[in-house]
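# Observations on the model geometry
For reference, the chains in residue letters:
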Amino acid sequence: MAGMDGFGVQLQRGDGAATEVFTKIADVTSLNPPGLSRETIDVTSHDSENGWMEFLGGLKDPGEVSADINYQPSEHDLLVADFDDKTPRNYKIVFPDDDVTPTTWSFQAFITGFEPETPYDDKASASLTFKVTGKPTIGAGA
């Protein structure tokens, strides 16, 4: 059977130490990995064959990561401190596709959005946005 159940995916935050330790960000309810994209450079000329436009691959954008969490200040306010810091931090997304060697996306990012919400008749939650910088590492155990 093709496909994968997304239940169990983890967003992990590195501690920045020389021998880095990653800790799972608690209570993630929804996670959108980075949407990778590439710019194109139009090189169409009067010599382009049969009137077809021609392009070169341009710069690659590592995209953004977004996550929704069940917000608890005691668990998540370190992310507010990350928001205050201009230095990118190491993060990982660990997919639940293999118990032995799960697929991992490792990347550097900084938080560009932290939006908590505390309605009177529902759970406290927060939406997080991370801007990825540089090339992510994608693969088993990355």
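What comes next concerns the included structure. Note that the structure is predicted; figures quoted are calculated from it, not measured.

### Quick look at the sheet that holds strand β3 (residues 28-32)
With antiparallel pairing, seven strands are arranged side by side in an open sheet as β2-β1-β7-β8-β9-β6-β3. The open sheet has two edge strands with one neighbour each: β2 (22-24) and β3. Strand-to-strand twist across the sheet, computed as the mean angle between neighbouring axes with direction ignored, equals 35 degrees. Bridge count for strand β6 (residues 64-70) against strand β9 (residues 125-140) is seven bridges, and the pairing is antiparallel. By the bridge assignment for β9, Asn70 is matched with Ser125.

### Let's talk about the pattern of salt bridges
For the structure shown, the criterion picks out three salt bridges. Across the pair Asp61 and Lys131 runs a salt bridge whose closest N-O atoms are separated by 2.8 Å. Remark: Lys131 occurs in strand β9 and Asp61 occurs in strand β5 (residues 55-61); sequence separation between them is 70 residues. A relative accessible area of 33% places Asp61 in the partly exposed class. Here Arg89 ties to Asp82 by a salt bridge, and the two come within 3.2 Å at their closest N and O atoms. One exposure class covers both Arg89 and Asp82, and it is buried. A cluster of three or more residues bridged by salt bridges with shared partners is formed by Arg13, Asp82 and Arg89.

### A short note on the packing of aromatic side chains
Scanning all chains against the criterion turns up four aromatic pairs. For the ring pair Tyr71 and Phe114, a centre distance of 5.8 Å and an interplane angle of 75 degrees mean the geometry is edge-to-face. Of the two residues, Tyr71 is situated in the loop between β6 and α1 (73-84) and Phe114 in strand β8 (residues 103-117); the sequence distance between them amounts to 43 residues. Relative to Phe107, the ring of Tyr91 has its centre 6.1 Å away and its plane inclined at 20 degrees; by these criteria the two rings are stacked. Taken together, the residues span a long stretch of sequence, with Tyr91 in strand β7 (residues 89-94) and Phe107 in strand β8 at a distance of 16 residues. Members of the aromatic cluster, connected to one another through ring pairs, are Tyr91, Phe107 and Phe130.

Reading guide: rules and limits
Residue positions are given per chain, counting from 1 as you read along its sequence in written order. Selection of residues for local features in this predicted model requires a pLDDT of at least 70, selection of side-chain atom pairs for listing and counting requires 80 or more, and totals for whole chains, interfaces and linings are taken over all residues. Where side-chain values are given, they derive from all heavy atoms of the structure, hydrogens and water being excluded. Any two strands are treated as partners once DSSP identifies two or more bridges connecting them. The numbering of helices and of strands both runs from the N terminus, where a helix is a DSSP run of H or I of at least 4 residues and a strand a run of E of at least 2. Here an angle of 0 to 180 degrees is reported between the N-to-C directions of two axes, which are lines fitted to C-alpha atoms, with helices fitted over the stretch in contact. The rule for a salt bridge is simple: a side-chain nitrogen of Lys or Arg has to be within 4 Å of a carboxyl oxygen of Asp or Glu. Type-normalised accessible area, obtained with a 1.4 Å probe on protein chains alone, sets the label of each residue: buried when under 20%, exposed when over 50%, and partly exposed for intermediate values. Ring pairs shown here join Phe, Tyr and Trp side chains whose ring centres sit within 6.5 Å, with only the six-membered ring taken for Trp; geometry is labelled stacked below 30 degrees between planes, edge-to-face above 60, and tilted in between.

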